There are 2 protein chains.
Amino acid sequence: MNPPDVLVAAAARERLAALATPAGALGRLGELAVWVSATLGECPPPLLEDVRLVVFAGDHGVAAHGVSAYPAAITPAMVRTFLTGRGGVSALARAHGVSVRVLDIAVDDDLGGVPEEVTAHKVRRGSGAIHLEDALTAEETAQALRVGSEAASAEIAAGAQLLISGDMGIGNTTPSAALVAAGLGLPATEVVGRGTGVDDAGLRRKIEVLDTALARAGARTTDPVDTLTALGSADLAATTGYLLAAAEAGVPVLLDGLISVACALTAERIAPGSAAWYAAGHRSTEPAQSLALDKLGLEPLLDLDLRLGEGSGAVAAVPLVRSAVALLRDVALLSEIMPT
Amino acid sequence: MNPPDVLVAAAARERLAALATPAGALGRLGELAVWVSATLGECPPPLLEDVRLVVFAGDHGVAAHGVSAYPAAITPAMVRTFLTGRGGVSALARAHGVSVRVLDIAVDDDLGGVPEEVTAHKVRRGSGAIHLEDALTAEETAQALRVGSEAASAEIAAGAQLLISGDMGIGNTTPSAALVAAGLGLPATEVVGRGTGVDDAGLRRKIEVLDTALARAGARTTDPVDTLTALGSADLAATTGYLLAAAEAGVPVLLDGLISVACALTAERIAPGSAAWYAAGHRSTEPAQSLALDKLGLEPLLDLDLRLGEGSGAVAAVPLVRSAVALLRDVALLSEIMPT
């Protein structure tokens, strides 16, 4: 994977140091401004007018085994809600000028009446219950990776300057935690969290499911694509393909919560260097997300106890990226205001 | 001081719980949405289209005594920079649709050629070096409080839905730390930080200056207005008057860093209950800010290591307030998407 432009990064660091602000006073926004410049290949960076979110929706066999506080019927209902612009992330995206596309990758529902463009890339109805069977066949994994990659390419071709991946799928924190456990070689107990809010019994079941799944996958977890097949899901594979394609095309990505970061970790395993194209929007309450971010060397911009998913934490952080851009573009240089 | 509307707060909490999101999934943004609703007296809250920042500029006698990494000549230069729209906070404010007004309260410069509306309310040229003399006379304190109050009233009359106070003045973290030390009964060592970046020797001088100032003020620190006279400055008194007038008028305020929060603590001492009208935008690296926020029961939305002042941390947090508003206004109710 090609890295972001080092010469532009150096120019951005130099400009940052020359601004009419105390040294280091812009803190994280200064670092972010350098990253944005380098990934967009331009210093000062252009205004971020075209930011795009793709929500990858899919169901998970584990949802029928007591790992979630909510029933799987929520997934298609939320897909329909996004299409009417009334999901949580829809509201945030509208407030911050981010476009939203929803793709049904593996929702366990026919989604009758939903536009063809949403369902056209469906890989299957629900992914396998990972403690009992593989999530996907190898062919389905390849297909899902391709669907995600094509989704990124389409958004980039249409003008995306910054991409975000979102998720919708009851039970999706379990396979995501599995990707992190596999990627980092950690046991279930260290990566499992409460998702949208399971109780203690649910948390124990989630750990059991994950333990069983990791044991079942065995040595296949040493390969990141095999890990998606054994322990992931079609929507997670599509998200991984989307993140890989963004890095490949040299387009920056703002990551969201556990789902997005588990896929970023998987992308980094598949194509080392991908993570240089990613920044982290929001710290999840899920332990697996922080573990994966540490591995990727990323620190989230926000920590607001959100556990909504959908891409919401990343969309909420978009104005901070715009703040960083504005500072590097518009602040006077010290040499301009204090002529010697 | 009247509290924000409890009935509207209750309605906002009820609406929040009924949204098509997992219970508690909106985290801090959910709490913020309740606060915005209550302070604006409307649920769901209106769009925040009119957000206004007033920057109170002033110099400080202590700046000539080695407590700052920068010379006092920066203060008038930055006032001029704000007027050309090229200060740090100017860039952020433009990016996020926040209007900016700069008032020269006590800049130690004639600011020749600067518009009359900026300098018309000047209280004096520089405030006293607080380890050697009072910052102000009692009359000047009263005048500065009134100037700040009138500034808030003018912005509110012009349509402000949310107010922010900003600061500009080399040396201003020293009198601000003094207000916090006095307000909380803490010694200099616990409240002093590095401001815009003093070295170890500068930090020791800052502690000495503050120790001497606190000893000089003596029992006058038990009265918040006397504290402003002895240990504050004209710009800090004006900021305090601004915050008091906002709370009095029932208009919410997003606080910035140490300067803004030190004045909020002083406002709360003068008129208990004022702090219910304030939310905290950004955690400062200055220890006194966190101490004062704890006392006020406020937790910042952002923690980005900014130490720019000017109101920048609060302006950077404005989009989060808009996010909170958008979520409570626009997200579907669970009853709408899952009819029973």
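Reading the values: the criteria
Residues numbered from 1 in each chain as written. Chains lettered and ligands numbered in written order. Predicted model: local features only at pLDDT ≥ 70, side-chain atom pairs only at ≥ 80, totals over all residues. Heavy atoms only, no water. Helix = DSSP H or I, 4+ residues; strand = E, 2+ residues; numbered from the N terminus. Buried < 20%, exposed > 50% of the residue type's maximum accessible area, 1.4 Å probe, protein only. Least-squares fit on C-alpha atoms with pLDDT ≥ 70 in both. Contact = heavy atoms within 4.5 Å. 1 Å grid on protein atoms, 1.4 Å probe; cavity = no way out; pocket = protein on both sides within 12 Å on 5 of 7 lines; lining within 4 Å. Points joined across faces, edges and corners; volume = space filled by probe spheres on them.

**Q** Can you help me understand unusual backbone geometry in this one?
**A** Both trends apply: most residues other than glycine have a negative phi, and most peptide bonds are in trans. Residue and element names in this part refer to chain A. Going from C43 to P44, the amide bond is cis rather than trans, its omega being -5°. Looking at the element boundaries, P44 is found in the loop between α2 (27-40) and β1 (51-58). For L111, which is not glycine, the phi dihedral falls at a positive 50°. Its place among the elements puts L111 in the loop between β2 (98-106) and α5 (116-119). Residue L111 is classed as buried on the basis of its relative accessible area of 2%. Look at D305: it is not a glycine, yet its phi comes out positive at around 60°. Looking at where D305 falls in the secondary structure, it is placed in the loop between α13 (287-296) and α14 (312-330).

**Q** Got a minute to help me understand the relation of the copies chain B and chain A in this structure?
**A** Mapping one chain copy onto the other needs a rotation about an axis and a shift along that axis. Rotating chain B by 180° and translating it 0.0 Å along the rotation axis places it on chain A, where the RMSD comes to 0.0 Å. Within this description, the copies of the chain are treated as partners about a two-fold rotation axis. A share of 100% of the interface residues of chain B reappears at the interface of chain A, consistent with the copies meeting face to face through the same patch.

**Q** Would you mind going over the layout of surface pockets with me for this structure?
**A** The gaps left among the atoms become clear once a water-sized probe is rolled over them. The volume enclosed by the largest pocket comes to roughly 660 Å³. Elements with a contribution of two residues or more to the lining of the largest pocket: α3 (74-83), β3 (162-168), α7 (173-184), α12 (258-270) and α14 of chain A together with α1 (6-18), α2 (27-40) and α15 (334-337) of chain B. Estimates place the volume of the second largest pocket at around 580 Å³. Around the second largest pocket, the lining comprises 41 residues; the ones closest to its centre are A:P22, B:T196, B:R307, B:L308 and B:G309.

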